[in-house]
Amino acid sequence: MALEIWHNPRCSKSRQTLALVRDQGLEPTVIEYLKTPPNAERLEQVLAMLELTPRQLMRRKEADYKDQGIDDDSLSDDQLIAAMIEFPKLIERPVVINGGQAALGRPPEQVLEIL
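On a predicted model such as this, the values are computed, not experimentally measured, just so you know. (Residues numbered from 1 in each chain as written. Predicted model: local features only at pLDDT ≥ 70, side-chain atom pairs only at ≥ 80, totals over all residues. Heavy atoms only, no water.)

### Structural notes on the pattern of salt bridges
So, step 1. Evaluation of the coordinates by the stated rule reveals 8 salt bridges.
So, step 2. Notably, a salt bridge pairs Lys-35 with Glu-32, separated by 3.3 Å at the nearest N-O pair.
So, step 3. Glu-32 sits in the partly exposed class, given a relative accessible area of 28%.
So, step 4. One network of salt bridges, with partners in common, ties together Arg-59, Glu-62, Glu-92 and Arg-106. (Salt bridge = Lys/Arg side-chain N within 4 Å of Asp/Glu carboxyl O. Buried < 20%, exposed > 50% of the residue type's maximum accessible area, 1.4 Å probe, protein only.)

And the structure:
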């Protein structure tokens, strides 16, 4: 697997993380996940690499989280993953994937351990 970043160019943390990766002399595949959300299988793989549950990778302050009823604690992981694909704004960003490892760029320096 190549180096990739799930990126939102409007997010300062995402821009900082991308710059940090490039400062290491690396050029990741940039995936603008709002335009091209991951499929369920890829999201499950990345969640496993991050050792997070779907809800832990969600932006719970996004309007869609409450407006779409995703704040319902009875939803299954599969339902949460489906919601993240339908409403990709809910996916916390940025995520950097390198080989079989992934890290959330919050703070951006956190991704250095997998580069």
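Additional details are given in the paragraphs that follow.
### Focus: a nonpolar patch on the surface
So, step 1. Taken together, the side chains of Leu-26, Leu-112 and Leu-115 define a hydrophobic patch exposed on the protein surface, amounting to about 200 Å² of accessible area.
So, step 2. What makes Leu-115 partly exposed here is its relative accessible area of 33%. (Patch = residues over 30% accessible without salt bridge, like charges linked within 9 Å, V, L, I, M, F, W, Y side chains within 5 Å. Areas by Shrake-Rupley, 256 points an atom, 1.4 Å probe, with all protein chains shown as cover.)

### Some thoughts on a negative patch on the surface
So, step 1. Side chains of Glu-41, Glu-44, Asp-77 and Asp-78 sit close together on the surface and give a patch of like negative charge.
So, step 2. Within the residue set of the negative patch, elements represented by two or more residues are helix 2 (40-50) and helix 4 (77-86).
So, step 3. The residue Asp-77 is located in helix 4 in this model.
So, step 4. Taking the relative accessible area as the measure of exposure, Asp-77 reaches 44% and is therefore partly exposed. (Lys, Arg positive; Asp, Glu negative; His and termini not counted. Charge placed at Lys NZ, Arg CZ, Asp CG, Glu CD. Helix = DSSP H or I, 4+ residues; strand = E, 2+ residues; numbered from the N terminus.)

### Looking at the pairing of strand 2 (residues 29-32)
So, step 1. Pairing between strand 1 (residues 4-7) and strand 2: 4 bridges, direction parallel. The partner of Glu-4 across the bridge, within strand 2, is Thr-29.
So, step 2. Taken together, strand 1, helix 1 (residues 12-23) and strand 2 form a β-α-β motif whose crossover is right-handed. (Pairing = 2+ DSSP bridges. Right-handed = clockwise from strand over helix to strand, strands pointing away.)

### Looking at the sheet that holds strand 3 (residues 95-98)
So, step 1. Reading across from one edge, 2-1-3-4 is the order of the 4 strands in this open sheet, with mixed pairing throughout. Looking at the sheet topology across the chains shown, the edges are occupied by strand 2 and strand 4 (101-104). Adjacent strand axes in the sheet meet at a mean angle of 20° when their direction is disregarded.
So, step 2. Looking at chain direction, strand 3 and strand 4 are connected through 4 bridges and run antiparallel. Bridging across to strand 4, Asn-98 finds its partner in Gln-101.
So, step 3. Each of strand 1, strand 2 and strand 3 is contacted by helix 1, which is oriented at about 165° to strand 1, the strand it contacts most. (Axes fitted to C-alpha atoms, helices over the stretch in contact; angles between N-to-C directions. Contact = heavy atoms within 4.5 Å.)

### Side note on the environment of Ile-5
So, step 1. Topologically, Ile-5 is positioned in strand 1.
So, step 2. The buried category is assigned to Ile-5, whose relative accessible area is 1%.
So, step 3. With 23 residues separating them along the chain, Ile-5 and Pro-28 place their C-alpha atoms 6.4 Å apart.
So, step 4. Look past the residues within four positions of Ile-5 in its chain and what remains in contact with it is Ser-14, Thr-17, Leu-18, Pro-28, Thr-29, Val-30, Ile-31, Pro-94, Val-95 and Val-96.

### Observations regarding the side chain of Ser-14
So, step 1. With respect to the element layout, Ser-14 can be found in helix 1.
So, step 2. Residue Ser-14 is classed as buried on the basis of its relative accessible area of 0%.
So, step 3. At 2.7 Å, the side chain of Ser-14 forms a polar contact with the side chain of His-7.
So, step 4. Reaching out from Ser-14, the side chain makes a polar contact with the backbone nitrogen of Asn-8 at a distance of 3.1 Å. (Polar contact = N/O pair within 3.5 Å; in protein donor to acceptor, adjacent residues only side chain to side chain.)

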